[in-house]
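What follows is each chain in one-letter form.
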Amino acid sequence: MLAVSVLALALGACAQAPNEPAAAGHAPVTSNRATLALDVATLSAYGWHLSEAVDGQGKPVAALRAGLGQQPLRLSFSGTSLNVSGGCNAQFGGYTLEAGALTVQGLAGTMKACSPERMRLDTEIAARLKGRLAAEVQGGAEAPRLRLATAGGDVLVFTGMPTPETRYGGPGKIVFLEIAPERAACSHPLIPDHRCLRVRERRYDASGVIQQPAADWQLLYQPIEGYAHRDGEHAIVRVKQYTDPHPPADGSSRVYILDLVVQRGR
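Everything quoted here is computed from the prediction, not taken from an experiment.

Caption draft 1: Broad picture of the overall build of the protein chain. Of the regular secondary structure elements, the protein chain holds four helices and 15 strands. Taken across its 266 residues, the protein chain has 39% of its residues classed as buried. Look at the contacts in the protein chain between residues 6 or more apart in sequence, and 63% of them connect residues 24 or more apart. Roughly 14000 Å² of accessible area belongs to the protein chain as shown, and the carbon and sulfur atoms make up 54% of that amount.

Here it is, written out as structure tokens:
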């Protein structure tokens, strides 16, 4: 537990409890440009999901078929860093931009084992995301598409999905939440017999040792995006907390998005 706690602490600081007022967020990032530019700001504002892969004759690339659909290959950009996910291993490297081109400076990756299909997917996408790629961003801010043409003649099209930072207008605040094994009954205007997660904030000291809870269990009426609770399991998660500038009339302005499962078990 100590080793996991140190890792969690190193990757994020503690923040406010779920029921404390959230800090006001910045206005969401928007763009009035009819077509977005191929630049760092545009690439970093979206997560890019593979939606099409064809060869020079316009035929689907069979080797990348598993990277489409419900579990697509995804590109994410941060500054001059590129990350590839959705296969077996996370892959990462640097990139540069010039007029009409994106140059990948070499990908490294983690080394876990998965199904042969997902591991082959890692190899196939890495072989194509290499060196200089002809690149353009098509469409506007609402539905951009990143088109990459490889040296071998394949064309990869990625659909842009706004990142949480783009959706909510700024970086999220890191919070560690402990989640009780069992949900509790709570009222919901649209869902009869609704049951909410019970959570409380947890903090770590400078050595990465978890501290005693500072607050009682509280009901969390909104979901934690990306987290699927299994009844009977206790968990500690690291989340990013955002403020939605346009919350639903019957909902909270606070948004929680899963960043890391620190601990989980019965």
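Still more ground to cover, so stick around.
Caption draft 2: Quick peek at the pairing of strand S5 (residues 101-109). Relative to S5, strand S4 (residues 91-98) runs antiparallel, the two sharing seven bridges. Bridging from a neighbouring strand, glycine 93 pairs with leucine 107 of S5. A loop of two residues connects S4 with S5, the two strands running antiparallel in sequence, and glycine 100 in this loop sits at a positive phi of about 75 degrees. Relative to strand S6 (residues 131-138), S5 runs antiparallel, the two being bridged by four bridges. Paired with valine 104 across the strands is glycine 131, a residue of S6.

Caption draft 3: Highlighting the side chain of threonine 150. Positionally, threonine 150 belongs in the loop between strand S7 (145-149) and strand S8 (155-162). Assessed through its relative accessible area of 12%, threonine 150 is described here as buried. Filtering out sequence-adjacent residues up to four positions away, threonine 150 remains in contact with Arg128, Leu133 and Leu156.

Caption draft 4: A look at the pattern of salt bridges. Counted by the stated rule, this structure contains 13 salt bridges. Close ionic contact of glutamate 98 with arginine 132 constitutes a salt bridge, the shortest N to O distance being 3.9 Å. Of this pair, glutamate 98 sits in strand S4 while arginine 132 sits in strand S6; the two residues are 34 residues apart in sequence, bridging distant segments of the chain. Judged by relative accessible area, which is 43%, glutamate 98 ranks as partly exposed. A salt bridge links arginine 128 to glutamate 124; the shortest N-O distance between them is 2.8 Å. With arginine 128 and glutamate 124 both in helix H3 (residues 116-128) and four residues apart, the pair spans about one turn of that helix. With relative accessibility at 15%, the residue arginine 128 sits in the buried group.

Caption draft 5: Representation of the state of the cysteines in the model. This model, assessed by the stated rule, comprises two disulfides. Across a sulfur-sulfur distance of 1.9 Å, cysteine 186 and cysteine 196 are joined as a disulfide pair. One quick way to see it: the torsion about the S-S bond of cysteine 186 and cysteine 196 is about 85 degrees, and its sign makes the bridge right-handed. Taken together, the residues cysteine 186 in the loop between strand S10 (184-185) and strand S11 (195-201) and cysteine 196 in strand S11 connect sequence positions 10 residues apart.

Caption draft 6: Representation of the packing of aromatic side chains in the model. If you walk through the whole model with that rule in mind, you get four aromatic pairs. Here the aromatic rings of tyrosine 46 and tryptophan 48 are separated by 5.3 Å at their centres, their planes lie at 50 degrees, and the arrangement is tilted. Take tyrosine 46: its relative accessible area is 6%, and that puts it in the buried class. Look at tryptophan 48 and you get buried, because its relative accessible area is 0%. Between phenylalanine 176 and tyrosine 204, the aromatic rings sit 4.9 Å apart at their centres with planes inclined by 70 degrees, giving edge-to-face as the arrangement. In this pair, phenylalanine 176 is assigned in strand S9 (residues 173-179) and tyrosine 204 in the loop between S11 and strand S12 (218-220), connecting sequence segments 28 residues apart. Here phenylalanine 176 and tyrosine 204 have matching classes, each one buried. Just above the ring of tryptophan 217 sits the side chain of arginine 198; from NZ or CZ to the centre is 5.4 Å.

Caption draft 7: Structural detail: the sheet that holds strand S1 (residues 46-54). If you walk around this closed barrel you meet the eight strands as S1-S2-S3-S4-S5-S6-S7-S8, and the pairing is antiparallel. On average, adjacent strands in this sheet sit at an angle of 35 degrees to one another, irrespective of strand direction. The strands touched by H3 are strand S3 (81-85), S4, S5, S6 and S8; relative to S4, the strand with the most contacts, the crossing angle is about 20 degrees.

Rules used throughout
Residues numbered from 1 in each chain as written. Predicted model: local features only at pLDDT ≥ 70, side-chain atom pairs only at ≥ 80, totals over all residues. Heavy atoms only, no water. Helix = DSSP H or I, 4+ residues; strand = E, 2+ residues; numbered from the N terminus. Buried < 20%, exposed > 50% of the residue type's maximum accessible area, 1.4 Å probe, protein only. Contact = heavy atoms within 4.5 Å. Areas by Shrake-Rupley, 256 points an atom, 1.4 Å probe, with all protein chains shown as cover. Pairing = 2+ DSSP bridges. Salt bridge = Lys/Arg side-chain N within 4 Å of Asp/Glu carboxyl O. Disulfide = S-S within 2.5 Å. Phe/Tyr/Trp six-rings, centres within 6.5 Å; stacked < 30°, edge-to-face > 60°. Lys NZ or Arg CZ within 6 Å of the ring centre and 35° of its normal. Axes fitted to C-alpha atoms, helices over the stretch in contact; angles between N-to-C directions.

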